[in-house]
Amino acid sequence: MDSVSPNKSAQSQNTSSSNSTPATPSSRSVAEFNAAMQPHQVGAEIGSSFPITNEKQAADDVLIQNPNSQESYWVSKGAAADAATAAALGTPLSPPESKPLTDSLDAANHFVDNYQNMRDANTIGADKYFHCKANCEAAQIGGVGEGIAETISNGREWVDMNIKGDTQEASRADQQANHHGREQGKTNPDKPCVELCQPFRPNGLDPQY
């Protein structure tokens, strides 16, 4: 009995089908894929596509979208509600400027003022209180002030230990006051540092301080 040959036409069709090149994806599908693969952008969840005009200064700063000016900008958490309302109503609003130089100078001035007050007060045990207060007031300025406070405090402790000969225990106690001041100032930007540094206030210190 003669063997039956496969249908050449069907075989040719199957071969052609298996070796065919996949269809080129459309430009729209490529664009959608690329968009999906982009890293998440801050503010995207509220539809932000405007350029950001300033830098974030604190961890809890809020990004405001202003469709009227076609821009986005960071504001402090406390000012976010007013800034968002102004943006929504189209009220003219200048975005806050990043002012690291001014903030740095203000932070340094807090240390100068507190050092002078410590000398004027001339009260035993008051140094840690004024250390705390200087760090607190600097940190209340924002991220730049906090960084300046830490740098000045660390530098001073290095000098005290390596040049003045203070013990590690004394330096550790000073750094505890410094750290307390920065943390309290950062988390309580509107509260007087006189109150926030109360744990380090010595007996007999003049009430003006």
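Bear in mind that the values here come from a model prediction, so they are computed numbers and not experimental data. (Residues numbered from 1 in each chain as written. Predicted model: local features only at pLDDT ≥ 70, side-chain atom pairs only at ≥ 80, totals over all residues. Heavy atoms only, no water.)

A. Region of the structure containing helix α6 (residues 143-162). Taking 1.5 Å as the rise per residue, α6 with 20 residues should run 28 Å; its terminal C-alpha atoms sit 29 Å apart, in good agreement. Taken as a whole, α6 has its buried residues at V144, G145, E146, A149, S153, E157 and D160. The inward-facing, buried residues of α6 abut α4 (100-121), α5 (127-139) and α7 (168-187). (Helix = DSSP H or I, 4+ residues; strand = E, 2+ residues; numbered from the N terminus. Expected span 1.5 Å × (residues − 1). Buried < 20%, exposed > 50% of the residue type's maximum accessible area, 1.4 Å probe, protein only. Contact = heavy atoms within 4.5 Å.)

B. Just the state of the cysteines, in detail. Under the counting rule described, the total for this entry stands at 2 disulfides. Disulfide partner of C132: C197, at an S-S distance of 2.1 Å. Measuring the twist about the S-S bond at about -85°, one finds the C132-C197 disulfide to be left-handed. With C132 in helix α5 and C197 in the segment after α8 (193-196), the pair connects residues that are 65 residues apart, well separated along the chain. C197 carries the same exposure label as C132, and that label is buried. Each bonded cysteine of the protein chain gets a number by its place in the sequence, and the pairs then read 1-4, 2-3. (Disulfide = S-S within 2.5 Å.)

C. Region of interest: the nonpolar core. In this structure, Y129, F130 and L205 are the most contacted members of the largest nonpolar core, which totals 14 residues. At the level of elements, α4, α5 and α8 are the ones that each hand at least two residues to this core. Looking at which element gives the most residues to this core, the answer is α5, with 4 residues. Setting aside its immediate chain neighbours within four residues, Y129 contacts V194, C197, F200, R201, P202, L205 and Y209. (Core = buried A, V, L, I, M, F, W, Y, C linked by side-chain atoms within 4.5 Å.)

D. Structural view of the packing of aromatic side chains. Evaluated as defined, the whole model comprises 2 aromatic pairs. Ring centres 5.2 Å apart and planes at 75° place the aromatic pair Y129 and F130 in the edge-to-face group. In this structure Y129 comes out as buried when scored by relative accessible area, which is 0%. Arranged with centres 5.8 Å apart and planes meeting at 75°, the rings of F130 and Y209 form a pair that is edge-to-face. With F130 in helix α5 and Y209 in the segment after α8, this residue pair connects regions lying 79 residues apart in the sequence. As far as the burial class goes, F130 and Y209 line up, both buried. (Phe/Tyr/Trp six-rings, centres within 6.5 Å; stacked < 30°, edge-to-face > 60°.)

E. Local environment of the pairing of strand β1 (residues 62-66). The element β1 is extensively covered by neighbouring structure, given that 4 of its 5 residues are classed as buried. In terms of strand pairing, β1 meets strand β2 (residues 71-75) through 5 bridges, oriented antiparallel. The partner of V62 across the bridge, within β2, is V75. (Pairing = 2+ DSSP bridges.)

F. Broad picture of the packing of α4 against α6. As a packed pair, α4 and α6 sit with axes 8 Å apart at the nearest point and diverge in direction by 45°. Classed by the angle they form, the pair α4 and α6 counts as oblique. For the pair α4 and α6, the crossing hand works out as right-handed. Every residue of α6 that contacts α4 at P100, D103, S104, A107, A108, F111, Y115 and M118 is listed here: V144, G145, I148, A149, I152, S153 and R156. (Axes fitted to C-alpha atoms, helices over the stretch in contact; angles between N-to-C directions. Parallel < 35°, antiparallel > 145°, perpendicular 65-115°, else oblique. Left-handed = near helix turned anticlockwise from the far one by under 90°.)

G. Main features of the pairing of β2. Within β2, 5 of the 5 residues are buried, which leaves the element mostly enclosed by the surrounding structure. Alternating residues of β2 divide into E71, Y73 and V75 and S72 and W74, and every residue in both groups is buried.

H. Local environment of the confidence of the model for the protein chain. With 70% of its residues at a pLDDT of at least 70, the protein chain reaches an overall mean of 77. At the level of individual helices and strands, the protein chain shows its lowest average pLDDT in helix α1 (residues 8-18), which scores 45, and its highest in α8, which scores 97. Confidence drops under a pLDDT of 50 for residues 1-18, and excluding neighbours within four residues, the segment shows 0 contacts in the predicted structure. Taken as a whole, residues 35-47 scores under 50 in pLDDT and shows 8 contacts with residues more than four places along the chain or in a different chain. (pLDDT = per-residue confidence, 0-100.)

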